[in-house]
Amino acid sequence: MVPSTMSRTVVLGVIGSDAHVVGITILEHAFSAAGFTVVNLGVQTSKEEFAEAAVEHDAAAVLVSSLYGHAEQDCQGFQQELEDAGADAVTYIGGNLAVGQDDFEQTRRTFRELGFDRVFDSETDPEEAIAALRRDLTLSPTESERATVTS
Ligand code: B12
């Protein structure tokens, strides 16, 4: 979904009972340095908290992180939650999204079916996600970002 406003706010958090904090800390710094306003909800964030924050901050994007292998269960109904709250945001998910993650294309399909606009693996450079978001929000990419989007 492409948001109607030109907000540059992104809501970021780790979903479910997951306590891995390092990845979102890096993402917070990278998106802030790229000119986005980042609302970092931290670890162990519920679907409801993502939805409430997206509405409260008029977020252009919601970035969900999951490392511990339970993302598929944690994200059931995620898009519905955002919709019910009235959020209008691009949604990305990234991290270690499945146990083992042998076939990432299958993992990507699973999360696309759950409604996420883009799905990133744990090897993703934050710059790639930033370049993708600039494209999705039709913000001008920097020169070095132009060729980096593969997700
Ligand atoms: C440190 C660590 C821990 C620490 C976490 C400390 C903390 N508070 O952060 C502790 C010891 C607590 C821990 C616990 C557990 N862990 Co742990 N942990 C790790 C470890 C070694 C490093 C994670 C890390 O910090 N990486 C560094 C950061 C920079 O990278 P990152 O997190 O991957 O994030 C980057 C990318 O993934 C990506 N990214 C992440 N999210 C998003 C989102 C978007 C939108 C985008 C675009 C990109 C993106 O960008 C980030 C920045 O570059 C990994 C193994 C590994 N090498 O990844 C296992 C790992 C994640 N843990 C794992 C497991 C299983 C657990 C436990 C369940 C173990 C247990 N049985 O108790 C528990 C879960 C506890 C909980 N409730 O969360 C597994 C997950 C397996 C899976 N998914 O298949 C891993 C992969 C280890 C393994 N090989 O088995 N863990």
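Our subject is the structure that appears above.
Residues numbered from 1 in each chain as written. Predicted model: local features only at pLDDT ≥ 70, side-chain atom pairs only at ≥ 80, totals over all residues. Heavy atoms only, no water.

1. Regarding the site of the ligand
- Within the structure, the ligand sits among 26 residues, and A19, H20, V21, S65 and L67 are positioned closest to it.
- Between H20 and the ligand, the recorded distance is 2.7 Å, taken from a side-chain N or O atom to a nitrogen atom.
- In the model, an oxygen atom of the ligand is placed 3.3 Å from a nitrogen or oxygen of the A98 main chain.
- Sorting the residues of the shell around the ligand by element identifies α1 (22–33), β3 (61–66) and β4 (90–95) as the ones contributing at least two each. (Near = heavy atom within 4 Å. Polar contact = N/O pair within 3.5 Å; in protein donor to acceptor, adjacent residues only side chain to side chain. Helix = DSSP H or I, 4+ residues; strand = E, 2+ residues; numbered from the N terminus.)

2. Some details on the environment of D84
- Position of D84 among the secondary structure elements: in helix α4 (residues 78–85).
- Residue class for D84 comes out exposed when judged on its relative accessible area of 58%.
- Sequence separation between D84 and A51 is 33 residues, and the spatial gap between their C-alpha atoms is 8.5 Å. (Buried < 20%, exposed > 50% of the residue type's maximum accessible area, 1.4 Å probe, protein only.)

3. Here we look at the pairing of β4
- Within β4, six of the six residues are buried, leaving the element largely enclosed by the surrounding structure.
- Covered by surrounding structure in β4 are V90, Y92 and G94 together with T91, I93 and G95, the residues of both alternating faces.
- Bridge analysis of β3 against β4 gives six bridges, and the strand direction is parallel. Note that in β4 the partner of V62 across the bridge is T91.
- Bridge analysis of β4 against strand β5 (residues 118–120) gives three bridges, and the strand direction is parallel. Within β5, the residue paired with Y92 across the bridge is R118. (Pairing = 2+ DSSP bridges.)

4. Looking at the sheet that holds β5
- Spatially, five strands are ordered β2-β1-β3-β4-β5 in an open sheet, and the strand pairing comes out parallel. Since the sheet does not close on itself, it has two edges, and those belong to β2 (37–40) and β5, each with one partner. Neighbour-to-neighbour, the strand axes of this sheet turn through a mean angle of 20 degrees, independent of strand direction.
- Where strand β1 (residues 9–14) meets β3, five bridges bridge the pair, whose relative direction is parallel. Counterpart to L12 in the pairing with β3 is L63. (Axes fitted to C-alpha atoms, helices over the stretch in contact; angles between N-to-C directions.)

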